[in-house]
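# Summary of structural features
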Amino acid sequence: MTLKDLLAAKNGRTITVSASASVAEAIRVMHDNKVGAVLIPDAGGCPVGIFTERDVVRVYAEGDDLAVVRVEERMTCSVVVGKPEDTVDEVMALMTERRFRHLPVLDKGKLIGLVSIGDVVKAKLDEAAREAQTLREYIHS
């Protein structure tokens, strides 16, 4: 399965916030949309950063005022991105190796979605269930 397939099955939209938004605003957007990360796009829609639950914890632990600190000051700027043709196995290995849980997917420089480790694990579980069903059907035939 590729990221293109995963995104097609997911039918979700990618949640973004402005780099000038406060951390408190970003937290509200994440909460309202039940997501663990938001992307920070440039004027062309390409992600220049990502702000995640881990970033929230870091800002809070440092004692900063969440209503004052801007997302651009605390977002992760070195965003790793995926391509539609990347496989779920490749992405799982990358996320595990690099220790992150959200991957923006770009097609020809344009953002087409965001996948989480949860999406990847669900895809792998679905694949395993399909394989098990196929084997059961084979054994019974």
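Shown above is the structure to which this text applies.
Residues numbered from 1 in each chain as written. Predicted model: local features only at pLDDT ≥ 70, side-chain atom pairs only at ≥ 80, totals over all residues. Heavy atoms only, no water.

## Some words on the overall build of the chain
Of regular secondary structure, the chain possesses six helices and four strands. For the chain, the N- to C-terminal ordering of α and β elements is α-α-β-β-α-α-α-β-β-α. Projected onto its principal axes, the C-alpha positions of the chain cover 65 × 35 × 30 Å. Per-residue burial over the chain gives 35% buried out of 141 residues. Surface summary for the chain: the accessible area is close to 8700 Å², and the carbon and sulfur share equals 54%. In the chain, 19 positive and 22 negative side-chain charges are present, and the distance between their average locations comes to 2 Å. (Helix = DSSP H or I, 4+ residues; strand = E, 2+ residues; numbered from the N terminus. Buried < 20%, exposed > 50% of the residue type's maximum accessible area, 1.4 Å probe, protein only. Areas by Shrake-Rupley, 256 points an atom, 1.4 Å probe, with all protein chains shown as cover. Lys, Arg positive; Asp, Glu negative; His and termini not counted. Charge placed at Lys NZ, Arg CZ, Asp CG, Glu CD.)

## Describing the packing of helix H5 (residues 88-98) against helix H6 (residues 117-140)
With their axes 10 Å apart at the nearest point, H5 and H6 run at an angle of 135° to one another. The angle between the axes of H5 and H6 places the two elements in the oblique class. Judged by the sense of rotation from one axis to the other, the crossing of H5 with H6 is left-handed. Contacts between H5 and H6 involve Val 88, Asp 89, Val 91, Met 92 and Met 95 from the former and Ile 117, Val 120, Val 121, Ala 123 and Lys 124 from the latter. (Axes fitted to C-alpha atoms, helices over the stretch in contact; angles between N-to-C directions. Parallel < 35°, antiparallel > 145°, perpendicular 65-115°, else oblique. Left-handed = near helix turned anticlockwise from the far one by under 90°. Contact = heavy atoms within 4.5 Å.)

## Quick word on the nonpolar core
Ranked by size, the top nonpolar core spans 15 residues in total, and within it Val 17, Val 38, Ile 40, Phe 51 and Val 71 carry the most contacts. Mapped by element, the contributors of at least two residues to this core are helix H2 (23-33), strand S1 (37-41) and helix H3 (53-61). Here this core gets three residues from one element, more than from any other, and that element is H2. Contact partners of Val 71, with chain neighbours within four places excluded, come to Val 17, Ser 18, Ala 19, Ala 21, Ser 22, Val 23, Ala 26, Ile 40 and Phe 51. Counting 13 residues, the second-largest nonpolar core is a separate cluster that includes Leu 103, Val 105, Val 115 and Ala 123. (Core = buried A, V, L, I, M, F, W, Y, C linked by side-chain atoms within 4.5 Å.)

## A closer look at the side chain of His 102
As for its placement among the helices and strands, His 102 is situated in strand S3 (residues 102-107). The contacts of His 102, once residues within four sequence positions are left out, are Gly 36, Ala 37, Ile 50, Thr 52, Met 95, Leu 114, Val 115 and Ser 116.

## As for the pairing of S1
Among the five residues of S1, four are classified as buried, and the element is accordingly described as predominantly covered. Here S1 pairs with strand S2 (residues 47-52) via five bridges, running antiparallel. Looking at the pairing, Leu 39 lines up with Ile 50 of S2. Hairpin connection between S1 and S2: a loop of five residues separates the two successive antiparallel strands, and Gly 45 in this loop has a positive phi of roughly 90°. (Pairing = 2+ DSSP bridges.)

## A closer look at a nonpolar patch on the surface
On the surface, Leu 135, Tyr 138 and Ile 139 cluster together into a nonpolar patch covering about 400 Å² of accessible area. By the secondary structure assignment, Ile 139 is in helix H6. Overall, Ile 139 belongs to the exposed group, its relative accessible area being 63%. (Patch = residues over 30% accessible without salt bridge, like charges linked within 9 Å, V, L, I, M, F, W, Y side chains within 5 Å. Salt bridge = Lys/Arg side-chain N within 4 Å of Asp/Glu carboxyl O.)

## Some words on helix H1 (residues 3-10)
Among all positions in H1, only Leu 3, Leu 6 and Leu 7 are buried. Along H1, the residues classed as buried sweep out an arc of 95° about the axis, all on the same side. H1 presents Lys 4, Ala 8 and Ala 9 as exposed residues on the side facing more than 90 degrees away from its buried surface. In this fold, the buried residues of H1 make contact with H5, S3, strand S4 (110-116) and H6. Positive phi appears at Asn 11, one or two residues downstream of H1, with a value of about 50°. (Arc of directions from axis to C-beta.)

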